[in-house]
Amino acid sequence: EYDGHNQNWQGVQDQRGVLYVGNTHGVLEYDGTSWSRVTTGIDLARSLAVDSLGRIFVGARDEIGYLRPDAGGQLGYHSLVSKLPESHRGFEDVWTTFALKDGVYFHSSQQIARWSGREGMQVWTTSGRYHRVFSVAGRFFVREEGIGLLEVRGKRLALVNGGEQFADVKVDAMMAIQGKFLLLTRTNGFVEWDPRSGATTRWETEIDAHLQAYRVYTVKRVAEKGRESVFAITTFGGGVVLMDERGRHLETLSEAAGIHTGALVLDVHPDAQGGLWFALDNGLTRVATPTPVSWLGQENGLEGLIE
């Protein structure tokens, strides 16, 4: 079962607009014209992140590190595994990597490591499973199975207010909209979480039926429409749904966008030209959004023969 784990592709873009993709060939680089492979010695790069200095951090199986150009401008890979205590070096796959102000986070199922050049490496471990991790408003959250929703505070990983209610409720995404924290749960759809009281309330959207019909893999902020953000919600077999921050349905990208029925959309990344790159379980595709064709039918009040 695909359960919070990116099985194939993931992409990031550096300050120059160059796209980097981690997949079964290691790390690939796309300059807008051609693809090339970055020499890393890694067969399978699971996750990537870019920090404020433009460094590309890489998470792989039992390997973490970053890409840095040499004097000639050639990218090379520098491992950070030696910065870990020996007892924490067998961490298997790094499913998620985030570059935040307090350091770079590398998430695997039983271990989370945070690398800071000044403070070195901080490690948190579990005998259970770190199901999902989220970067929201510069904060780092973790859902630990059987425990609930936790947050890194300094050097501590602690339950948030009301976090225990997610101990057995799977959370597929977390985001901040207009000062509100929203969690996309597997069973109840979107819920709004109050970090002060810990209370949660249902947040209804126009895509609730779609969320019930198809499993969600991830949610990302991909664009701005006027003063409001646009979110892309990737699914298993249901394409990609675009939603604004009021929960209104903007567009569903599927067959016409090259996302075939049954495809698993594992990741989405906006580029500098306004397009969206979709990481599928069988490849990579780019879609120009908004699409130039709109489909108007009975749901828009059009009936009968149109001439």
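On a predicted model such as this, the values are computed, not experimentally measured, just so you know.

Trainee: Could you clarify how one ought to interpret unusual backbone geometry in this entry?
Mentor: Most peptide bonds take the trans form, and the phi angle of most residues other than glycine is negative. Even without glycine at this site, Asp-62 takes up a positive phi of about 55 degrees. Structurally, the position occupied by Asp-62 is in the loop between strand 6 (56-60) and strand 7 (63-69). The residue Gln-178 is not glycine, and still its phi comes out positive at about 50 degrees. Note that Gln-178 resides in the loop between strand 17 (171-177) and strand 18 (180-185).

Trainee: Is there a simple way to think about the sheet that holds strand 25 (residues 265-270) in this case?
Mentor: Think of a sheet as strands paired side by side through backbone hydrogen bonds, with each pair either parallel or antiparallel. The three strands are arranged 25-26-27 in an open sheet whose pairing can be described as antiparallel. The open sheet terminates on both sides in strands that have one partner only, identified here as strand 25 and strand 27 (283-288). On average, each strand axis in the sheet is tilted by 20 degrees relative to the strand beside it, whichever way the strands run. With five bridges joining them, strand 25 and strand 26 (residues 275-280) adopt antiparallel strand pairing. Following the sheet pairing, Asp-267 is matched in strand 26 by Ala-279.

Trainee: I tried to follow the pattern of salt bridges on my own but got confused; where do I start?
Mentor: Side chains that differ in sign of charge can pair as their charged atoms come close. This structure, assessed with the given rule, holds 15 salt bridges. Between Arg-246 and Glu-228 there is a salt bridge; the shortest N-O distance is 2.6 Å. In this pair, Arg-246 sits in the loop between strand 23 (240-244) and strand 24 (249-253) while Glu-228 sits in strand 22 (residues 228-235), placing the two residues 18 residues apart along the sequence. A relative accessible area of 53% places Arg-246 in the exposed class. Note on Glu-228: relative accessible area 12%, which makes it buried. Among the charged side chains, a salt-bridge network with shared partners connects Glu-228, Asp-244, Arg-246 and Arg-248.

Trainee: What's the story with empty space enclosed by the protein in this structure? I'm lost.
Mentor: To locate leftover empty space, one rolls a probe as large as a water molecule over the atoms. Inspection of the entire model under this criterion finds two cavities of 30 Å³ or more. Each pocket or cavity is described by its volume, and for the second largest cavity that value is around 40 Å³. Residue lining of the second largest cavity: Ile-64, Leu-84, Phe-91, Val-94, Phe-106, His-107, Ser-108, Gln-111 and Ala-113, and that is the complete set. Looking at the lining of the second largest cavity, the elements with two or more residues in it are strand 10 (103-107) and strand 11 (111-116). Broken down by class, the residue content of the lining of the second largest cavity amounts to six nonpolar, three polar and no charged.

Trainee: Explanation requested: the pairing of strand 14 (residues 139-144) in the structure shown.
Mentor: Taken residue by residue, a regular strand's side chains alternate between the two faces of the sheet. The element strand 14 is extensively covered by neighbouring structure, given that five of its six residues are classed as buried. Bridge count for strand 13 (residues 130-136) against strand 14 is six bridges, and the pairing is antiparallel. By the bridge assignment for strand 14, Ser-135 is matched with Phe-140. With four bridges connecting them, strand 14 and strand 15 (residues 148-153) associate as antiparallel partners. Residue pairing for strand 15: Phe-141 is matched across the bridge by Glu-151. What sits between the antiparallel neighbours strand 14 and strand 15 is a turn of three residues, in which Gly-146 has the positive phi angle 80 degrees.

Calculation notes
- Each chain has its residues counted from 1, running along the sequence as written.
- Given that the model is predicted, a residue must reach a pLDDT of at least 70 before its local features are reported, and side-chain atom pairs must reach 80 or more before they are shown or counted; all residues, however, enter totals for whole chains, interfaces and linings.
- Side-chain measures were taken over the full set of non-hydrogen atoms in the model, leaving aside hydrogen atoms and water.
- Every helix listed is a DSSP run of H or I at least four residues long, and every strand listed is a run of E at least two residues long, numbered separately from the N terminus.
- Whether two strands pair depends on DSSP finding at least two bridges between them.
- Axis lines are fitted through C-alpha atoms, for helices just across the contact stretch, and the angle between N-to-C directions can take any value from 0 to 180 degrees.
- Here, a salt bridge means any side-chain nitrogen of Lys or Arg that lies within 4 Å of a carboxyl oxygen of Asp or Glu.
- Only protein chains enter the accessibility calculation, which uses a 1.4 Å probe; a residue is then buried when its area is under 20% of its type maximum, exposed when over 50%, and partly exposed in between.
- With a 1 Å grid laid over protein atoms only, a set of points is called a cavity when a 1.4 Å probe fits there but cannot get out and a pocket when it is open yet has protein on both sides within 12 Å along at least five of seven lines; lining residues have an atom within 4 Å of a point.
- Grid points are joined across faces, edges and corners, and a volume is the space filled by probe spheres set on the points.
- Polarity classes work like this: nonpolar for Ala, Val, Leu, Ile, Met, Phe, Trp, Tyr, Cys and Pro, charged for Asp, Glu, Lys and Arg, and polar for all others, with Gly in that last group.

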